[in-house]
Structure formats: C-alpha cells, structure tokens
Amino acid sequence: MNTVFVSLLVNSGILLALGAALYAAPSPLLNPHAVPFGVRVPPDKADAPEVSEQRRRYRALLLPATLIVTVAALAIGAVLDSVAVGGVAAVVLCAIAATLWLSAHRALARAKERGNWYENVRQGVVMDTSLRTDPVRLPWAWTIPSFVVIAVTAVAGAIVYPRLPEMLALPERSSSGTVYREITTTFWTAYSLVFAQILLTAAVIGTVAAVLRARADLDVSRPRSSAVRHRRYLSLTARSLLGVAALLNLMLLGLSGMMWSDSRSGAVLTLVIGVPTLAALAVSVPLVRMGPGGSRLALESGDGSGGTGGSGGSDEGTGLVPRDDDRHWYGAGTVYVNADDPAVLVPRRVGIGWTVNVGNPRFLIISAAVLAIAAGATVVSVTVR
C-alpha cells in the first residue's frame, strides 16, 4: 500500500508540474513578444484578437486534457504499482500540447496571410558589429568552482581507490524506482563520474562560448538600447550557466562518494541529487525573468553611449519592424534551416534561449563529431560491463 501511494504521488507530481508548464508555454513571458506560437508578426499585431483567441483555445483544450491524462495515469499506476506510467502519460500530454500548438501556429499563419499584416510596414534587420570586434568575454572566473569540485572529486578518488571493493554500485532509475547496477571496479569505472564532470564542464564552457558568439536578436525599432541590453543578457546568462555547471558537478561529487562508499541510502541519494538540482533551478530562474533575449532587462542610467538605453537619450524609434522570416522556420517555429545564414546558433522562437541552424554545414560537422564521441562512449561502456 505504501508503494502504491508513492507511485500515485510521483505520477501526479510529474503530470501536474508538466501540465502547468505546458499551460504557460504560449505566454509572452516565455516567448518573443512578436512571435506568438512561432509565427513572426508585426509588433502591433502581437496582441491582436486572432492571437488572443488562439491562446484561449490552446489553454481551454489543454486544461481538460491534463486532468483526463492525470486521472487515467493515477488509476493505471495504482493497478500496476509502477512510476513508469507517469512517464508514458507525460509523453501523451506533450503530444497533445504539440498538436494544439501546431494547430494554433497554422491558424495564425493563415490569419497573417489573409490580413496582409506585413503590408505597408517597413521591414528591416539590425546588427551590432561590436559584438564581433569587442565581444562579451567568457567569465573564466566563474569556471573556478567547477574546476575546484572536479579537483576535490579526483583527489578523494585517488585516496579511496586502493581500498575499493571488487564491485561498485551505480544508482539508476527504473520502472520500479531506484536500483543499483553493480560493475567491476577498474580505474575507468571508479573515475567514471569524474570523467562525467570533466565532459560536463567542457560542454558548458563550449556552450557559453558559442552563445557569446551567437547571432543577436536586436530590436530593429530601438537598436542602440537593444544592443546594450543584449550585452547584459549575455553576461548574466554566461554566469548563470557556469553556476549551474558547478552545482551539477557537486551532485556528481556526491554520487561518486556514494558509489565509493557503497551507500544505498534513499535519503542520502535524494539529498545528493535534490539539493544541487533545486539550487540549479534557483540559479536558472533569473534567465526566465529576463525574458527572451533579455527583453525585460531594465537598463541602468548611463548604459550604452551617447545617452542610449535607459537614459532615454538618442535611441529614437526607427519605424522598422523585424523582417518576416517564417520561410526559414519549420516544425511550428521550432526548427531553423537557412544555409545562407553563417550563424550556427540563433535565438529561439519558441521558449527562451538559442537553437541551432540545421542548414549550416558547421552544425552538421559538429553533430557528426558528437555522434562519433557518443558511439565511442557507448562501446566503452558496453565493454566495461
């Protein structure tokens, strides 16, 4: 009975949290203001009746779907006594939300075409060349916590390695909860999570470096203050991502300690995973509050030059609107394909952050390299077992 209750609690928590996130997905707080449901529209049409209607329809249909899926998952989970039902139901709920999103995307695209929303408006693009000549620098000081945690983990491993047992236990999630997979003790298995720390840190540093060089999504109507805001956004984002990396490395340190000590305490495991995860989420909250591309960042007096930015000086409106570039976006505004665009990373249309330019040859080369590394890691993992 206790296990059934835990399964019900886990499944309901997963689905209600996911449902809340999907319900909030169309909000302008989580997407560029002039790109509702992945459709580029003139700024003065961002709150048009057609847009509001599609948001209402999406939420009106998603809410009962969430309740139905949650109730069904709880009933099935109680019968089967398995938390895996929550995962399956989550996939179903995401599929429903994706279908509703696609429907809203198509409806807005048709409304934009029928109403000729881009007729008689001046379209334009703007870029800040100083982001190339004087880019935002990678904050190397913020990588120090990650390197310190890696060093502590490596030193601790070197101390305990001679006294490790012949078999090590790694915690894994399964349909019945947390299980421990036993593996033969070798240098590679004992230090596997240290290697994971190194790869994680390298990946985050590489991601931050790429983000700092990504194409800026500047406001063509007020380019100067937008450029200043974008620089602040990049700086804050870089520090947040590196802070999250340090917290995840701390979690891996805790998991290494559990593996080396053969601790199988559920309470300790929850503490080791839960505390860094919650801290990482707290560090990530400012990224959401800043809005897509830092659109909600307040500029301080004196930001920029020549009285631009928050000081209200010379950054007068240009009268331009962002160029209608829907032809390069697929999958309801989630996939960007433009072989003529040299940028590998571009601002997302759906959600906050960046996405890749699938049409860029450099992305294809990077993807092939990542797949090769992943295949090699899989072969090594299978061999070790």
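## A look at the packing of helix H8 (residues 223-261) against helix H9 (residues 266-289)
The axes of two packed helices give the description: the angle between them and the distance between them.
Logical step 1: At a minimum axis distance of 9 Å, the contact between H8 and H9 shows a crossing angle of 180 degrees. With respect to each other, H8 and H9 are oriented roughly antiparallel. Contact residues: Leu236, Thr237, Ser240, Val244, Leu247, Met251, Gly254, Leu255 and Met258 in H8; Val268, Leu269, Val272, Ile273, Pro276, Thr277, Ala279, Ala280, Val283, Ser284 and Leu287 in H9.
Logical step 2: Taken together, the residues of the contact of H8 with H9 break down into 15 nonpolar, five polar and no charged.

## Description of the packing of helix H5 (residues 144-160) against helix H7 (residues 192-212)
Logical step 1: H7 packs onto H5 with a crossing angle of 170 degrees between their chain directions and a minimal axis gap of 10 Å. By the criterion of interaxial angle, the relationship of H5 to H7 is roughly antiparallel. In this structure, H5 uses Ser146, Phe147, Val149, Ile150, Thr153 and Ala154 to contact H7, whose residues at the interface are Val194, Gln197, Ile198, Thr201 and Ile205.

## A few points about the packing of aromatic side chains
Logical step 1: This model, assessed by the stated rule, comprises 10 aromatic pairs.
Logical step 2: On the basis of an interplanar angle of 85 degrees and a centroid distance of 6.2 Å, the ring pair of Tyr58 and Trp101 is categorised as edge-to-face. With a gap of 43 residues between them, Tyr58 in helix H2 (residues 49-80) and Trp101 in helix H3 (residues 84-115) connect regions that are remote in the sequence. For the pair formed by Tyr58 and Trp101, the shared burial category is buried.
Logical step 3: Considering the side-chain rings of Trp329 and Tyr336, the 4.8 Å spacing of their centres and the 45 degrees angle between planes classify their relative orientation as tilted. There is no split in this pair, since Trp329 and Tyr336 are both buried.

## A word on H2
Logical step 1: In this model H2 runs 46 Å from its N-terminal to its C-terminal C-alpha over 32 residues, within 8% of the 46 Å that 1.5 Å per residue would give.
Logical step 2: All of the buried residues in H2 are Val51, Gln54, Arg55, Tyr58, Leu62, Ala65, Thr66, Val69, Thr70, Ala73 and Gly77.

## Re the nonpolar core
Logical step 1: Residues Leu22, Phe37, Tyr58, Leu62 and Trp101 are the most contacted members of the largest nonpolar core, which totals 19 residues.
Logical step 2: If you list the elements that add at least two residues to this core, you get H2 and H3.
Logical step 3: For this core, the leading source of residues is H3, giving seven residues.
Logical step 4: Other than its neighbours up to four places away in sequence, Tyr58 contacts Leu22, Tyr23, Ala25, Pro26, Phe37, Ala97, Leu100 and Trp101.
Logical step 5: In terms of nonpolar packing, the next biggest core, distinct from the first, is built from 18 residues, Tyr233, Leu234, Leu242 and Ala245 among them.

## A short note on H9
Since there are 3.6 residues in each turn of an α-helix, residues three or four apart along the chain are aligned in direction.
Logical step 1: If you check H9, its first and last C-alpha atoms are 34 Å apart, about what 24 residues at 1.5 Å a residue would give, namely 34 Å.
Logical step 2: Taken as a whole, H9 carries its principal kink of about 25 degrees at Val283; the proline Pro286 stands between one and four residues after it.
Logical step 3: Listed as buried for H9 are Leu269, Val272, Pro276, Ala280 and Leu287.
Logical step 4: Here H9 starts with a cap whose side-chain oxygen sits 3.4 Å from the backbone nitrogen of Ala267, and that cap is Ser265.
Logical step 5: Backbone geometry just after H9 places Gly291 at a positive phi near 85 degrees.

## What about the confidence of the model for the protein?
Logical step 1: Counting all residues, the mean pLDDT for the protein is 86, and 88% of those residues have values of 70 or more.
Logical step 2: Mean pLDDT values over the elements of the protein span from 73, in helix H10 (residues 361-384), up to 96, in H5.

## A look at the environment of Arg362
Logical step 1: Counting through the fold element by element, Arg362 comes out in helix H10.
Logical step 2: Separated by 18 residues in the primary sequence, Arg362 and Val344 have C-alpha atoms spaced 7.1 Å apart.
Logical step 3: Excluding residues that lie within four positions of it along the chain, Arg362 makes contacts with Pro342, Ala343 and Val344.

## Brief notes about the pattern of salt bridges
Logical step 1: Applying the stated criterion across every chain, the model contains nine salt bridges.
Logical step 2: Arg56 is paired through a salt bridge with Glu53; the nearest N and O atoms lie 3.0 Å apart. Here Glu53 and Arg56 lie together in helix H2, a separation of three residues that amounts to about one turn.
Logical step 3: Between Arg215 and Asp341 there is a salt bridge, with its nearest N and O atoms 2.3 Å apart. Placement of the pair is Arg215 in the loop between H7 and H8 and Asp341 in the loop between strand E6 (335-336) and strand E7 (345-347), with a sequence separation of 126 residues.
Logical step 4: A relative accessible area of 30% means that Arg215 is categorised as partly exposed.
Logical step 5: According to the relative accessible area criterion, Asp341 is buried, its value standing at 8%.
Logical step 6: A cluster of three or more residues bridged by salt bridges with shared partners is formed by Arg40, Lys112, Asp324, Asp325, Asp326 and Arg349.

Analysis parameters
Residues numbered from 1 in each chain as written. Predicted model: local features only at pLDDT ≥ 70, side-chain atom pairs only at ≥ 80, totals over all residues. Heavy atoms only, no water. Axes fitted to C-alpha atoms, helices over the stretch in contact; angles between N-to-C directions. Helix = DSSP H or I, 4+ residues; strand = E, 2+ residues; numbered from the N terminus. Parallel < 35°, antiparallel > 145°, perpendicular 65-115°, else oblique. Contact = heavy atoms within 4.5 Å. Nonpolar A, V, L, I, M, F, W, Y, C, P; charged D, E, K, R; others polar. Phe/Tyr/Trp six-rings, centres within 6.5 Å; stacked < 30°, edge-to-face > 60°. Buried < 20%, exposed > 50% of the residue type's maximum accessible area, 1.4 Å probe, protein only. Expected span 1.5 Å × (residues − 1). Core = buried A, V, L, I, M, F, W, Y, C linked by side-chain atoms within 4.5 Å. Bend = angle between axes of the 7 residues up to and from the residue. Polar contact = N/O pair within 3.5 Å; in protein donor to acceptor, adjacent residues only side chain to side chain. pLDDT = per-residue confidence, 0-100. Salt bridge = Lys/Arg side-chain N within 4 Å of Asp/Glu carboxyl O.

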